[in-house]
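# Understanding the architecture of this molecule
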Amino acid sequence: DFEAAWRFGGAPFMRQTMSMVLATLELVYRESAVGRHLTDEEQLSRFLMKIRACIFDLDGVIVDTVPAHYIAWKSVADDLGIPFGEKENEQLKGVSRIKSMKKILALGNMTKSDAEIKELTKKKNKLYVEIISKMTPDDILPGVLDFLEEIEKINMPKAIGSASKNTP
Ligand code: GL1
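Residues numbered from 1 in each chain as written. Predicted model: local features only at pLDDT ≥ 70, side-chain atom pairs only at ≥ 80, totals over all residues. Heavy atoms only, no water.

With that out of the way, let us pick up the overall build of the protein. Helix and strand counts for the protein stand at nine helices and two strands. Residues classed as buried in the protein amount to 30% of the 168 residues present. Taking all contacts inside the protein whose residues are at least 6 apart in sequence as the whole, residues at least 24 apart take part in 63%. For the protein, the exposed area adds up to about 10,900 Å²; of that, 57% sits on carbon and sulfur atoms. (Helix = DSSP H or I, 4+ residues; strand = E, 2+ residues; numbered from the N terminus. Buried < 20%, exposed > 50% of the residue type's maximum accessible area, 1.4 Å probe, protein only. Contact = heavy atoms within 4.5 Å. Areas by Shrake-Rupley, 256 points an atom, 1.4 Å probe, with all protein chains shown as cover.)

Here it is, written out as structure tokens:
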């Protein structure tokens, strides 16, 4: 489906990526035998015409927030004396705040009460928010602005959807 196609395209998604996805996921885009004779670009146009709105994930799509999460988690882990490097951080990608904290504690064979865990995640998030608040347009992933400008031209409604607990 459409969502799967975006995910398959990965980030940053660009026209070329979509074109590649089109060619690969025939079943999504090719409605009929007639469609098979269309070029990738023509199929892409047809596909784009069907889209009514674009909802973008934020983390890893609009900007790469992994380094910011990493620095913030590392600071908490360092304070606890738990060895935590980029390899360990890999296990936290897409994992919720509380679960991430529990994973870090497990790395150090430590246990904490739920209240303490909550406090630690608050500390981590404070630092994380400080880091991302310093982000500039230079941090936008390649291709994103071009894509946004393109959909702006055709008045395509757009929004951001995120599983982050920081969402309003
Ligand atoms: C959580 C996860 C992150 C990421 C975001 C959603 O963070 O820990 O890895 O998946 O949600 O993009 P948080 O809720 O603390 O922003």
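Picking up where we left off.
Attention now goes to unusual backbone geometry. It is generally the case that most residues other than glycine have a negative phi and that most peptide bonds are trans. Despite not being glycine, Asn109 has its phi angle at roughly 50°, a positive value. Take Asn109: it is sitting in the loop between α7 (97-107) and α8 (114-132). For Asn109, a relative accessible area of 76% translates into the label exposed. Although it is not a glycine, Asn155 sits at a positive phi angle of roughly 55°.

Looking now at the site of the ligand. Taken together, the residues surrounding the ligand are Asp59, His69, Leu92, Gly94, Val95, Ser96, Arg97, Ser162, Ala163, Ser164, Lys165 and Asn166. The side chain of Asp59 places a nitrogen or oxygen atom 2.6 Å from an oxygen atom of the ligand. Within the contact set of the ligand, an oxygen atom lies 2.5 Å away from a side-chain nitrogen or oxygen of Ser164. Against a free-state accessible area of 380 Å², the protein chains account for coverage of 89% of the ligand. (Near = heavy atom within 4 Å. Polar contact = N/O pair within 3.5 Å; in protein donor to acceptor, adjacent residues only side chain to side chain.)

For the rest of this paragraph, the subject is the packing of aromatic side chains. Going through the model one piece at a time under the given rule, you end up with two aromatic pairs. Judged by centre distance (6.2 Å) and plane angle (85°), the rings of Phe56 and Phe147 are edge-to-face. Here the residue Phe56 occupies a position in strand β1 (residues 54-56), and Phe147 occupies one in helix α9 (residues 144-153), the gap between them amounting to 91 residues. Each member of the pair, Phe56 together with Phe147, is buried. Cation over ring: Lys124 sits above Tyr128, and NZ or CZ is 4.6 Å from the ring centre. (Phe/Tyr/Trp six-rings, centres within 6.5 Å; stacked < 30°, edge-to-face > 60°. Lys NZ or Arg CZ within 6 Å of the ring centre and 35° of its normal.)

We now examine the side chain of Asn125. Checked against the element boundaries, Asn125 lands in helix α8. Not counting the four nearest positions on each side in its chain, Asn125 is found in contact with Arg97 and Asn166.

Moving on, we get to α9. Within an α-helix, residues lying three or four positions from one another point in the same direction, as the helix has 3.6 residues per turn. Turning to α9, its buried residues are Val144, Phe147 and Ile151. Along the long axis of α9, the arc covered by the buried residues comes to 65°, so they all point the same way. For α9, the exposed residues lying more than 90 degrees away from the buried face are Asp146 and Lys153. Backbone geometry just downstream of α9 places Asn155 in the positive-phi region, at approximately 55°. (Arc of directions from axis to C-beta.)

Right, let's get into the environment of Gly81. Turning to its location among the elements, Gly81 is positioned in the loop between α5 (66-80) and α6 (86-90). A C-alpha to C-alpha distance of 7.8 Å links Gly81 and Gly108, two positions 27 residues apart in sequence.

Remember, this is a structural readout, not a statement about activity or role.
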